[in-house]
Structures are given as C-alpha cells and as structure tokens.
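Residue-level listing of the chains:
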Amino acid sequence: MDGTLAAIFIIASLTDMTLNDCPTGCLTRSDAPARLVLQGAAVEFDSEIIGSELSVGYDFGSSYGPFQPAVLASLTDSGRIWVGAGARWEKALTQDGGFYVDAALMPGVDIGGSGPDLGGNLQFRASVGVGYAFDNGARLTLSYDHRSNGDIRALNPGLETISARYAITLD
C-alpha cells in the first residue's frame, strides 16, 4: 500500500474545508464532541494476517475547520507499540447524520515488539472508514489503515490493520 489513504484524507478534508468552512474561516475553532476511542484490529503484512492489535485513543473536544485533533496508542499481540497524534475528519452520508465516512492522518512512533522491520521508528498512520453514529453520540466505525515511514528511509514495507472502532462521547 502506498500513500493512497493519506491522499484520500488530504483531498477529502481540504475539499470539505474549502466548500464548508472557508466562507466563515477555514480553520476556525469550534466545539466538537470529546470521545474515548477503543479499537480492535487484525494486523496485516504482505497481504497476510500476522496478528492482532488493541488501541485506545482520544478525540479532543474541539475542531479546527473540519479537523478534529486526536491521539491514539496501540499494542499488538507481538508487543509492538505505536503512539501518535494527528487529525480526524468525518462527513455525514445521510441527512439524519447516522452513516458517515471518516479519515485520519497521524504521525507517530513505532517501538518494541517482534515482527516485520518497518524501516524506522517514525511511522505515519492513515486510515479511512465508514461508520454509524448512534443517537447517544457513540460511533461504530469499520476502518482500514496503513502505516509506513512515507519513504523517508530506504526500507518501507508498511503495515495495515482492519479494525472495528468504538467511540463513546465524554460530554
């Protein structure tokens, strides 16, 4: 997998910002629901499932234009830890706001554990997903993500996850 997911995040979020936020201030701060994020995933390397991953994260209670700051930490069953921070973007697909698409881009640090050599500790994580927003503010998202060093090092095989993400509103 190359930088396709990062490109989707950049193109979709900047288009959304241009069309919907820039008339009143492209990166104007606004309130957003703060959420605790729990995520379980299958880890894929070279098109083969090699393990599992659990993640915990936090979506901050504000947004800047369409971008909501977020942090995420994950641990695989082989002891690999990834910790990162970045932005999440979400867009409703239906009038009632139930179904939505989202994308995220987070640089982070990948350390420890066994498993494939990803070509360094700096790893960029990009994801795209589709989900459902419940009436109580909780969200359930199925997503696919890719992490790699973005070709800043000669070795850059990348790693993917296929996950279920559950986020509960803290407000």
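It should be noted that the structure appears before, not after, this text.
Every chain's residues receive numbers from 1 upward, in the order its sequence appears when written. In view of the model being predicted, local features appear only for residues whose pLDDT reaches at least 70, and side-chain atom pairs are presented and counted only at 80 or more, with totals across whole chains, interfaces and linings using the full set of residues. For side-chain calculations, the full set of non-hydrogen atoms in the structure is used, while hydrogens and water are omitted.

Undergrad: Any details on helix α1 (residues 4-21)? Residues and values, ideally.
TA: Strands are runs of DSSP state E lasting at least two residues, helices are runs of H or I lasting at least four, and both sets are numbered from the N terminus onward. Any helix carries an expected span of 1.5 Å times its number of residues minus one. With 18 residues, α1 ought to run about 26 Å at 1.5 Å a step, and its terminal C-alpha atoms sit 24 Å apart, in line with that. Contacts: residue pairs with any heavy atoms within 4.5 Å of one another. Buried residues belonging to α1 abut β6 (81-92), β7 (99-111), β8 (122-133) and β9 (139-148).

Undergrad: Outline the packing of aromatic side chains, listing residues and values.
TA: Each Phe, Tyr or Trp ring, with Trp reduced to its six-membered ring, pairs with another whose centre is within 6.5 Å; inter-plane angles below 30 degrees give stacked pairs, above 60 give edge-to-face pairs, and intermediate values give tilted ones. Within the structure shown, the criterion is met by 4 aromatic pairs. Between tyrosine 132 and phenylalanine 134 the ring centres are 5.1 Å apart and the planes differ by 75 degrees, which places this aromatic pair in the edge-to-face class. Since its relative accessible area comes to 30%, tyrosine 132 is described here as partly exposed. Each member of the aromatic cluster is reached from another via a ring pair, and the members are Phe99, Tyr132 and Phe134. Each ring is checked for a lysine NZ or an arginine CZ that lies within 6 Å of its centre and within 35 degrees of its normal; such an atom marks a charge sitting over the ring. Directly above the aromatic system of tryptophan 82 lies the positively charged group of arginine 125, at a separation of 4.9 Å from the ring centroid. Its guanidinium or amino end placed over the ring of tyrosine 100, arginine 139 lies 5.3 Å from that ring's centre, counting from NZ or CZ. Residue exposure (1.4 Å probe, protein chains only): buried if accessible area is under 20% of the type maximum, exposed if over 50%, otherwise partly exposed.

Undergrad: So what's going on with the pattern of salt bridges? Which residues, and what values?
TA: The working definition used for a salt bridge is a side-chain nitrogen of Lys or Arg within 4 Å of a carboxyl oxygen of Asp or Glu. Scanning all chains against the criterion turns up 10 salt bridges. Here arginine 29 makes a salt bridge to aspartate 31, at a shortest N to O gap of 3.5 Å. For aspartate 31, a relative accessible area of 65% puts it in the exposed group. A network of salt bridges, in which partner residues are shared, links Glu53, Arg125, Asp145 and Arg147.

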